[in-house]
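Residues per chain are reported as follows:
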Amino acid sequence: MSEQAPPAAAAAARPRPWRGALLAGAGPFLSVALALAVGALFILAIGERPGEIYALMLRESLGTGYGLGQTLFRATPLIFTGLAVALGFRAGLFNIGAEGQITLGALAAALTGVALAAWPWPLLLPACLLAAALAGGLWGALPGALKARFGAHEVINTIMLNFIAFALVSWLGHFVFQPATVRTAAIGPGAELPRLERLWGALHGAPANAALPLALIGAAATFVLLFRTRRGYALRAVGLNAPAAEYGGIAIGATQTLAMALSGAMAGLGGVNFVLGYKHFFEQGFSGGAGFIGIAVALLGRNHPVGVTVAALFFGALAYGGLVINARVPKELVEILQALVILIAICVQGALERMARRLP
Amino acid sequence: METLLFLAAAVRISVPYALAALGASINERGGVINIALEGMMLHGALAYTLGAFWTGSAWIGVGAAVLAGVLTGALHALVTVRLRADQITSGLGINLLAVGLTKFVLKAVFDSSSNSSRVAGLPEWHLPLLSRLPALGPVLSTPLVLITAALVVGGQWLVFRSVFGLRLRVMGERPEAAAALGLSVERVRSAGVLISGALAGLAGAWLASEQHSFTDGMTGGRGYIALAAMIVGKWSPLGAAAACLLFGGAEALQISLQGSAFPSELLQMMPYLVTMLALAGFIGRAVAPRAIGIPSDPEKDA
């Protein structure tokens, strides 16, 4: 199993660690390129030209102010859910529950915004953000605690909790939805996040809002937590090698529960983009699968806050690009591309890492 | 009579769960996690609809559904067994792919984003005695109900009494021991995943046949309920089928309680809550095969 080369060979080859890093770092780009190539076959099958379709997607989602604003709006919740999944992965846990967590976070933010509608914004806005983080955090901490206490697999439990969350929202809907709708009343004006077009006129008409800077703060905070704090070190140690971490004095169960709570809180905050920044109410099915796409975002972003942010922008552009091409190619092409990126990325990453290990 | 009618309804609802959960028990016994059940079912449902639509024959639809399930299984096996990538992520990717792909094809073939044209359903089988039973007659005249029951019994035999089952279970517990005996981990594990795909595809055929059409996202999370049933049934085909009947019963109750004051959403949560309790060890311990989720090929690892 030893990968060490004999001294003579090592001296001849000279260690060049950047080659391995470069090889591994090329994974996300290669995966996207391959996914687009396979996606092109679907475009051809429908009788369209892939080059034209991809160019159209790119132009409309990033080339105009309005399109960029739409892309940023769609990228915002994906930054949150991508960070959520990445936080879990860093601790060696797979949080598939971001969809349930973002749903409950959004509902909690909306109900707080409705109940305390008269409060002034410096109180109401933080209250709504806190409610979103708490609701998502509790929903995430539960499978974390079950893992820590009973060794129950978090993957199954987070899947189950997604469905329980959906049923819970349906049930609560009887009491909190407007008659004959699946949406709540509107939140108080103090809870509304302003649109970015007020700062940057080029985005005129697009729904991108102040949840985006919040997401970037979330990414920065995640970076600091993971790489600059003791708790973050513990979290990564548990993810890399739990028995060794325990031997080093780290409480595995508590760290896992904390990681899942933070992960859930991050996903829960993703709900404010829609509720506080766009519609100003909660609506069933608002998320558009942001919780699940967060898995793709974390995967492509290699569980690093910077990578996650870039990957979220890519998937945001893809999501809006799908709407643009819908007249020529079914917009479901985007869902196919998302899935292909996931499937190809896990294969490519593994292959590249194996190759990098074999480098001299 | 009332009870029998309720039982008949529960059986009907359980059929797709039982088929997919049976497949899941088989592949997970081999050490491969299969979250892709949902996507396999969705592909199966669309393939049934296309097969029945183009040929007019429901049985050709069933064949197409099984084939679509096997192909989806082959993708999962390629990614996880051959290329040894993460099994959970692969399953999620396949489910996402199925959602997009089925809608894409729906638009291309039927020019609709929500539903297909009406297609034939499976005809009834009128067997002596069985079909005449009070209340249960209709359900026992339904071909896929009978086939499912036979497959569950056959599956139990396959996993616990056959040579293939023994090999499969070794792959799930100690693949390195199996490899030392000269068995191909890749081949046995892949076979488990392909069987699972075939069964989940058949489950999809049932859904489309019952409804006489394909509608977008028609599996509605049933693949995940089947996965839950497999856990509650402790990775055994008979146990999983019993859990499916329990879940199907809860759903039948939900339908019969519609309009009453009892909140049906609470019953809807039941399967998920039971599964979480089982995982936490409150309903007997649900323990997964030892080597599950670990991509393994000792020949290549060595």
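As the structure is a computational prediction, the values presented were derived from the model and not from experiment.

**Q** How should the overall build of chain A be read in this particular structure?
**A** When you go through chain A residue by residue, the secondary structure sums to 16 helices and 0 strands. In terms of C-alpha radius of gyration, chain A reaches 22 Å, essentially the compact-globule figure of 21 Å for 360 residues. The buried share of chain A, reckoned over its 360 residues, is 55%.

**Q** Looking at this model, I keep getting lost on the overall build of chain B. Mind explaining?
**A** Each helix and strand in chain B was counted, giving 13 helices and 0 strands. Ordering the α and β elements of chain B from the N terminus gives α-α-α-α-α-α-α-α-α-α-α-α-α. The C-alpha atoms of chain B give a radius of gyration of 19 Å, which matches the 19 Å a tight globule of 302 residues would have. Each principal axis of the C-alpha distribution contributes one length, and for chain B these read about 60 × 45 × 40 Å. In chain B, of all internal contacts separated by at least 6 residues, the share reaching a separation of at least 24 is 77%.

**Q** It is not clear to me how the nonpolar core should be interpreted in this structure. Could you clarify?
**A** Here is a general trend for soluble globular proteins: nonpolar side chains tend to be buried in one another's company. By size, the foremost hydrophobic cluster in this structure holds 228 residues, and its most contacted members are A:Ala132, B:Ala20, B:Ala21 and B:Ala229. In terms of residue count, the dominant contributor to this core is helix α9 (residues 185-211) of chain B (15 residues).

**Q** Mind showing me how you'd approach helix α6 (residues 98-115) of chain A here?
**A** Along an α-helix, residues three or four positions apart point the same way, because every turn accommodates 3.6 residues. With 18 residues, α6(A) should cover 26 Å at 1.5 Å per step; its first-to-last C-alpha distance of 25 Å lies within 8% of that length. The buried fraction of α6(A) amounts to 16 of the 18 residues, a majority that puts the element mostly inside the structure.

**Q** Mind showing me how you'd approach the confidence of the model for chain B here?
**A** Should the pLDDT be low somewhere, the predicted coordinates at that spot are not to be read in detail. Across chain B, the average pLDDT comes to 91, with 97% of residues at 70 or higher. Confidence estimates for the predicted assembly give a pTM of 0.93 and an ipTM of 0.92.

**Q** Whenever I open this one, the interface of chain B and chain A confuses me. Can you help?
**A** Interfaces are often sized by the amount of accessible area the parts lose when they come together. The interface of chain B with chain A comprises 35 residues on the first partner and 33 residues on the second. Every element with two or more residues in the side of chain B that touches chain A is listed here: α4 (87-110), α10 (222-232) and α12 (264-279) of chain B. The element best represented in the side of chain B that touches chain A is α4(B), accounting for 14 residues.

The rules we used
Residues numbered from 1 in each chain as written. Chains lettered and ligands numbered in written order. Predicted model: local features only at pLDDT ≥ 70, side-chain atom pairs only at ≥ 80, totals over all residues. Helix = DSSP H or I, 4+ residues; strand = E, 2+ residues; numbered from the N terminus. Rg over C-alpha atoms; globule rule 2.2 N^0.38 Å. Buried ≥ 20, exposed ≤ 12 C-beta atoms within 10 Å, placed from the backbone. Contact = placed C-beta atoms within 7 Å. Core = buried A, V, L, I, M, F, W, Y, C linked by C-beta atoms within 7 Å. Expected span 1.5 Å × (residues − 1). pLDDT = per-residue confidence, 0-100.

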